[in-house]
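Read off the chains here:
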Amino acid sequence: MATPELVPGLAGIPAAESSISYIDGQKGLLAYRGYSIEELAEKSNFEEVSRLLVHGELPTPEEHERFSALLRENRGLSERMLDVIRALPGNGHPMDALQASMAALGMFSRARDYRDPAQRDEAIVRIIGAMPVLVAAFERFRSGEDFIPPDPSLDTAANFLWMLTGEKPDPLAARVLDVALILHADHTMNASTFTARVVGSTEADPFTVVASAVGSLTGPLHGGANERVLRDLETVSGVEEVPDFVEGRLATKGKLMGFGHRVYKVKDPRAVILQGLARELFEKLGRTPLYDVAVRLEEEVVSRLGHKGIHPNVDFYSGFVYSKLGIPVDDFTPIFAIARTSGWLAHWREQMQDNRIFRPGQVYSGEHGRSYVPIDQR
Ligand code: ACO
């Protein structure tokens, strides 16, 4: 049999059949379950979008109310679970804390068997409901502050901001975060979603599936990029320095974080929406030099690399928006994880409906038939 051709990064190779999200990278389109991201960002909210992704249809008012209530009921963490988070090293990265605490949450849960529909649905709302609470709890503990109990009157985004600061969030700030969560909730077969499906395919429990996907999202080429964008922007003190910054990065063959995408060859539609929201937020809460630097950076990068299909991706604007909301830079990727959990679980559910364990091939490039040489003769 002829050896199949190796495709590095499995670029363009379908790994599953899915009806969850759809991207047209040439036209800059993203849709969840057939609904455009623009319409969902304008008219829906993260809790409704989560249910849409997981269950496939927009909920009726009763279904929506029930799902939102379940998410809120599932925000609670036991004292022992809080002790686990408290014991994690405060100087560690919040993504590592999130991965560890998601695994621990699973150890406290009985809803681990995907074959039982009741346990499967219980795990889904437990994980989506608890995810922001795990992030907020670690943030409070590492800052030497007390845990702030969740507020069931607030939706996922507003409650997360409340649990970080203990202050009721500005309605525009909460809405902007809610839209950012919608925009990050799913994105077809990216690295962390593929991870979720691979781990799920082994019949691992859903907490392990999500903890593994969190690990996959940490890397700077995936979810870790939003943090790097802000760190880059902070090194540029004014708009006049932007061309030199870009030149310096390209001269050393470095990547400009927040630009380029495996699928989009035009501007990421999520970046377009976030850019509009960033403008609104900076107008209301006060413009800073960071905003002007970012706008100038986009112009410079697109003028130099646009011909290669390199444009801003979602991470370029999400970092700013979060910094304006007063969120610490290393919590940006955990926020991405909070949002993407709905997509991961939708993919896990879909995978388990017709599961076959992933077991790809390889192209062997090693040697054959070597004879063992005893250690004293080498
Ligand atoms: N800055 C500078 N050059 C770039 C960038 C960038 N951000 N992205 C791609 N290029 C260049 C590459 O150097 C390559 O150039 P060459 O043809 O001269 O060798 C060409 O564009 C093609 O790039 P690839 O790396 O092959 O593109 P690929 O599809 O493999 O990678 C990726 C996509 C990983 C997103 C890449 O664009 C990148 O590293 N971007 C920066 C990190 C980033 O923002 N990641 C977030 C992605 S979105 C998300 O996870 C939500």
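What counts, and at which threshold
- Residues numbered from 1 in each chain as written.
- Predicted model: local features only at pLDDT ≥ 70, side-chain atom pairs only at ≥ 80, totals over all residues.
- Heavy atoms only, no water.
- Near = heavy atom within 4 Å.
- Polar contact = N/O pair within 3.5 Å; in protein donor to acceptor, adjacent residues only side chain to side chain.
- Nonpolar A, V, L, I, M, F, W, Y, C, P; charged D, E, K, R; others polar.
- Helix = DSSP H or I, 4+ residues; strand = E, 2+ residues; numbered from the N terminus.
- Buried < 20%, exposed > 50% of the residue type's maximum accessible area, 1.4 Å probe, protein only.
- Core = buried A, V, L, I, M, F, W, Y, C linked by side-chain atoms within 4.5 Å.
- Domains from an automatic or database assignment.
- Contact = heavy atoms within 4.5 Å.
- Phe/Tyr/Trp six-rings, centres within 6.5 Å; stacked < 30°, edge-to-face > 60°.
- Lys NZ or Arg CZ within 6 Å of the ring centre and 35° of its normal.
- Buried area = accessible area lost by both parts, 1.4 Å probe.
- Arc of directions from axis to C-beta.
- Pairing = 2+ DSSP bridges.

1. Quick word on the site of the ligand
Reasoning step 1: Around the ligand, 20 residues are found, and the nearest of them are Leu256, Gly258, Phe259, Arg262 and Lys308.
Reasoning step 2: Contact between the ligand and Lys255: an oxygen atom at 3.1 Å from a side-chain N or O atom of the residue.
Reasoning step 3: Contact between the ligand and Phe259: a nitrogen atom at 2.8 Å from a main-chain N or O atom of the residue.
Reasoning step 4: In terms of residue class, the shell around the ligand is made up of 10 nonpolar, 6 polar and 4 charged.

2. What about the environment of Arg304?
Reasoning step 1: With respect to the helices and strands, Arg304 occurs in helix α14 (residues 289-305).
Reasoning step 2: Residue class for Arg304 comes out partly exposed when judged on its relative accessible area of 31%.
Reasoning step 3: Sequence separation between Arg304 and Leu250 is 54 residues; the distance between their C-alpha atoms is 10.0 Å.

3. Examining the nonpolar core
Reasoning step 1: Tyr32, Leu77, Met102, Met131, Leu233, Leu297 and Trp344 are the most contacted members of the largest nonpolar core, which totals 117 residues.
Reasoning step 2: With 14 residues, helix α6 (residues 117-142) is the single largest residue contributor to this core.
Reasoning step 3: The residues that make up this core include at least three from each of domain 1 (30-168 + 185-220 + 334-353) and domain 2 (225-324).
Reasoning step 4: In contact with Leu297, not counting residues within four places along its chain, are Leu233, Val242, Phe245, Val246, Phe259 and Phe316.

4. Considering the packing of aromatic side chains
Reasoning step 1: All chains considered together, the criterion is met by 9 aromatic pairs.
Reasoning step 2: For the pair Phe282 and Phe320, a centre-to-centre distance of 5.8 Å together with 70° between the ring planes defines the contact as edge-to-face. One end of the pair, Phe282, is in helix α13 (residues 269-285); the other, Phe320, is in helix α15 (residues 314-324), and 38 residues separate them in sequence.
Reasoning step 3: A relative accessible area of 1% means that Phe320 is categorised as buried.
Reasoning step 4: In textbook terms, an aromatic cluster arises when at least three aromatic residues are bridged by ring pairs, as seen for Phe259, Phe282, Tyr291, Phe316, Tyr317 and Phe320.
Reasoning step 5: The ring of Trp162 has Lys168 lying over it, and the distance from NZ or CZ to the ring centre is 4.6 Å.
Reasoning step 6: Of note, Lys324 hangs over the ring of Phe282, and the distance from its end group to the ring centre comes to 5.0 Å.

5. Considering the domain arrangement of the chain
Reasoning step 1: Domain annotation for the chain reports domain 1 (30-168 + 185-220 + 334-353) and domain 2 (225-324).
Reasoning step 2: Both sides of the domain 1 and domain 2 interface together cover about 900 Å² of buried area, and 61% of this is carbon and sulfur.
Reasoning step 3: Sorting the residues of domain 1 by area buried against domain 2 places His187, Pro220 and Phe336 first, and these three jointly supply 48% of that buried surface.
Reasoning step 4: Our count for the contact surface shared by domain 1 and domain 2 stands at 3 residue pairs in polar contact (both at pLDDT 80 or more).
Reasoning step 5: Considering only residue class, the side of domain 1 that touches domain 2 consists of 6 nonpolar, 3 polar and 2 charged.

6. Here's the deal with helix α4 (residues 79-87)
Reasoning step 1: Every buried residue of α4 is listed here: Met81, Leu82 and Ile85. Mapping the buried residues of α4 onto a view down its axis gives an arc of 100°, with all of them on the same face. Exposed and oriented more than 90 degrees from the buried face of α4 are Glu79, Arg80 and Ala87.
Reasoning step 2: Considering only its buried residues, α4 is in contact with α5 (94-107) and α6.

7. What about the pairing of strand β2 (residues 29-32)?
Side chains on a regular strand alternate between the two faces of the sheet.
Reasoning step 1: Of the pairings in the sheet, the one linking strand β1 (residues 21-24) to β2 comprises 4 bridges and is antiparallel in character. Each bridged residue has a counterpart across the sheet, and for Ile23 the counterpart in β2 is Leu30.
Reasoning step 2: As consecutive antiparallel partners, β1 and β2 are separated by 4 residues, and within that stretch Gly28 has a phi angle of approximately 75°, a positive value.
Reasoning step 3: Here 2 bridges tie β2 to strand β3 (residues 35-36), and the two strands are oriented antiparallel to one another. In the strand pairing of β3, Ala31 is matched with Ser36.
Reasoning step 4: Between β2 and β3, which pair antiparallel and follow one another directly, the connecting turn spans 2 residues, one of which, Arg33, has a positive phi of 50°.

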